[in-house]
Amino acid sequence: MVETERPLDALNQARGKRVIVELKNKLQLIGNLKAFDIHINTVLAEAEEWENGEMKRKLGTTFVRGDTIVLISPA
Amino acid sequence: MVETERPLDALNQARGKRVIVELKNKLQLIGNLKAFDIHINTVLAEAEEWENGEMKRKLGTTFVRGDTIVLISPA
Amino acid sequence: MVETERPLDALNQARGKRVIVELKNKLQLIGNLKAFDIHINTVLAEAEEWENGEMKRKLGTTFVRGDTIVLISPA
Amino acid sequence: MVETERPLDALNQARGKRVIVELKNKLQLIGNLKAFDIHINTVLAEAEEWENGEMKRKLGTTFVRGDTIVLISPA
Amino acid sequence: MVETERPLDALNQARGKRVIVELKNKLQLIGNLKAFDIHINTVLAEAEEWENGEMKRKLGTTFVRGDTIVLISPA
Amino acid sequence: MVETERPLDALNQARGKRVIVELKNKLQLIGNLKAFDIHINTVLAEAEEWENGEMKRKLGTTFVRGDTIVLISPA
Amino acid sequence: MVETERPLDALNQARGKRVIVELKNKLQLIGNLKAFDIHINTVLAEAEEWENGEMKRKLGTTFVRGDTIVLISPA
């Protein structure tokens, strides 16, 4: 059995894929995961802002400060 | 008597098992604990989001930022 | 007179004993203190979640992230 | 394929361009991105404060403390 | 004139004495100051929990996580 | 074109000038920027406290803890 | 012109003088500044707790945890 060993490995496997980023302020960002660092600062390409299941805005390439993030999952 | 010595040892023993992760925003995540690090950044496989005893969403493999976590217990 | 010198010494003396852990979210956890580290990340065995003097859930062996803890006292 | 490797690279590419900075207090700042550092402390030239889609104030060259920032996207 | 030079010196002079510890959650703890460290993690012996001038509970020897503390003054 | 390279350079250029400091608690301080450090701890001379466009108090030379600051802009 | 260079120099000049310490919880402490450190942990002698312009309590020599402080100004 091959296992993901470290949390950032899992993020690395999501690179280039479409992800949902849940923020502490209850908003969701959906975009292509382009980059992240150890603080979980994250860059999403073609990002969209969603709230309560509704798309609010297209944001373009967006930098997200890591400490505002709750979780990152596949879109 | 054998004792768990350090808190991360206990998490390590939960690796590969189904756990409940309680978040500061009152949500619960239930999934298979795949990975964690010293910040308690955590990866859950086949994660589900629960709120007030009700399953809200299936999330897939999910990265959870450690500073949003209150506790991790067996599911 | 023998004095506890450092706060973690007091926690160490509580190891293996039943403690109450008060959380910032107003919940209480009661369990056997198995392990802790310098961040006050803590593991409780046979943990129970209490709220307003009422037991809500049995949690089993539970990892608690240190930054959610207000205080730890004897149960 | 050329990829942005690190989140701060994406911010660097936005240098000199007009950006929206979303703050934790729900305000938006719009300005020319002049400078930033690893804490995401940021300087915007010709900054404006917006709230709910309405421009509230012109601020001039503004220093923003990084820990108040949620995200930075193109204006 | 002899002056206290560093804040922790003042805490050190309160060691063994009865103190009031004000917490961010508005509760007060009153107890004998047994130990503290540079994070202001604190141990109180014979601690009591007070709220709005009323004693709520006797806690025994209590470990208080430093980041929940507002101030410490003589009881 | 000469560009400000680092955020603290911009603050340095504001030294000795009248600035508005916006705080997380919604208050504004207006004063002459005398000093700051890497935490953005800041000293304002002849500081005034403003709330909702109204001057509340004259504070004199005031030390502001950096982590309470949202932004600093010209007054 | 002689200028205060660093924020802590300004605090140092206030040592032994009566100051107002504004806290994040909206309370004010007034006392003689006896000591402070780089975290802005502060000791006030003959401290008083004020709220909305009214003196609530005399506290005596009081240790204030730095991260609860908004600003320090002359009393």
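Residues numbered from 1 in each chain as written. Chains lettered and ligands numbered in written order. Predicted model: local features only at pLDDT ≥ 70, side-chain atom pairs only at ≥ 80, totals over all residues. Heavy atoms only, no water.

## Section: the overall build of chain A
Thinking step 1. Summing up its helical and strand segments, chain A has one helix and five strands in all.
Thinking step 2. The secondary structure elements of chain A, listed N-terminal to C-terminal, are α-β-β-β-β-β.
Thinking step 3. Against the globule reference of 11 Å for 75 residues, chain A gives a C-alpha radius of gyration of 12 Å, in line with a compact fold.
Thinking step 4. Of all 75 residues assigned to chain A, the portion counted as buried reaches 55%.
Thinking step 5. Distance between charge centres in chain A, computed from 11 positive and 11 negative side chains, equals 4 Å. (Helix = DSSP H or I, 4+ residues; strand = E, 2+ residues; numbered from the N terminus. Rg over C-alpha atoms; globule rule 2.2 N^0.38 Å. Buried < 20%, exposed > 50% of the residue type's maximum accessible area, 1.4 Å probe, protein only. Lys, Arg positive; Asp, Glu negative; His and termini not counted. Charge placed at Lys NZ, Arg CZ, Asp CG, Glu CD.)

## Digging into the interface of chain A and chain B
Thinking step 1. Each partner contributes residues to the interface: chain A has 23 residues there, and chain B has 22 residues.
Thinking step 2. Of the roughly 1,700 Å² buried between chain A and chain B, counting both surfaces, carbon and sulfur atoms make up 56%.
Thinking step 3. If you look at where chain A meets chain B, you find two salt bridges.
Thinking step 4. A:Glu22 is the salt-bridge partner of B:Arg57, the closest N and O atoms lying 2.4 Å from each other.
Thinking step 5. Of all the elements in the fold, those that place two or more residues in the side of chain A that touches chain B are helix 1 (7-14), strand 1 (18-23) and strand 5 (69-74) of chain A.
Thinking step 6. Broken down by element, the residue count for the side of chain A that touches chain B peaks at six residues, all from strand 5 of chain A.
Thinking step 7. Here the side of chain A that touches chain B is built from residues that sort into eleven nonpolar, five polar and seven charged.
Thinking step 8. Note: strand 5 of chain A against strand 4 (residues 54-64) of chain B, two bridges, orientation antiparallel. Across the sheet, A:Ile72 pairs through a bridge with B:Phe63, a residue of strand 4 of chain B. (Contact = heavy atoms within 4.5 Å. Buried area = accessible area lost by both parts, 1.4 Å probe. Salt bridge = Lys/Arg side-chain N within 4 Å of Asp/Glu carboxyl O. Nonpolar A, V, L, I, M, F, W, Y, C, P; charged D, E, K, R; others polar. Pairing = 2+ DSSP bridges.)

## Digging into the interface of chain C and chain B
Thinking step 1. Residue-level contacts link 22 residues of chain C with 23 residues of chain B.
Thinking step 2. The junction of chain C with chain B conceals about 1,700 Å² of combined surface from both sides, 57% of it contributed by carbon and sulfur atoms.
Thinking step 3. If you sort the residues of chain C by the area they bury against chain B, C:Lys34, C:Phe63 and C:Arg65 come out on top, with a joint share of 37%.
Thinking step 4. Counting the contacts that link chain C with chain B gives two salt bridges.
Thinking step 5. Here C:Asp67 ties to B:Lys24 by a salt bridge, and the two come within 2.7 Å at their closest N and O atoms.
Thinking step 6. Taken together, the links from chain C to chain B amount to six residue pairs in polar contact (both at pLDDT 80 or more).
Thinking step 7. The set of elements that each furnish at least two residues to the side of chain C that touches chain B consists of strand 2 (28-36), strand 3 (42-51) and strand 4 (54-64) of chain C.
Thinking step 8. If one sorts the elements of the side of chain C that touches chain B by residue count, strand 4 of chain C sits on top with seven residues. (Polar contact = N/O pair within 3.5 Å; in protein donor to acceptor, adjacent residues only side chain to side chain.)

## Let's talk about the relation of the copies chain C and chain B
Thinking step 1. For the match of chain C to chain B, the screw axis carries a shift of 0.0 Å, the RMSD comes to 0.0 Å, and the turn is 51°.
Thinking step 2. Here only 5% of the interface residues in chain C have copies in chain B that are interface residues too; the copies meet through unlike faces. (Least-squares fit on C-alpha atoms with pLDDT ≥ 70 in both.)

## Remarks on the relation of the copies chain A and chain B
Thinking step 1. Of the transformation placing chain A onto chain B, the axial shift is 0.0 Å and the rotation is 51°, giving an RMSD of 0.0 Å.
Thinking step 2. The fraction of interface residues of chain A whose copies in chain B are also interface residues is only 4%, indicating that the copies meet through different surfaces.

## Considerations on the arrangement of the chains
Thinking step 1. Nowhere do chain A and chain F come into contact; their C-alpha atoms are at least 15 Å apart.
Thinking step 2. Separated in space, chain E and chain F share no contact, their closest pair of C-alpha atoms being 15 Å apart.

## A closer look at the pairing of strand 1 (residues 18-23) of chain F
Residue and element names in this part refer to chain F.
Thinking step 1. Taken across its six residues, strand 1 has five buried, putting it largely inside the fold.
Thinking step 2. Counted along the chain from strand 1 to the antiparallel partner strand 2 (residues 28-36), the turn is four residues long, and its residue Lys-26 has a positive phi close to 80°.
Thinking step 3. Bridging between strand 1 and strand 5 (residues 69-74) involves five bridges; their strand directions are antiparallel. Across the sheet, residue Ile-20 finds its bridge partner in strand 5, namely Ser-73.

## Observations regarding the pairing of strand 4 of chain C
All names here are of chain C.
Thinking step 1. Pairing of strand 3 with strand 4, which is carried by eight bridges, proceeds in the antiparallel orientation. Residue pairing across strands places Glu-48 opposite Lys-58, the latter belonging to strand 4.
Thinking step 2. Linking strand 3 to strand 4, which pair antiparallel, is a turn of two residues; within it Asn-52 sits at a positive phi near 50°.

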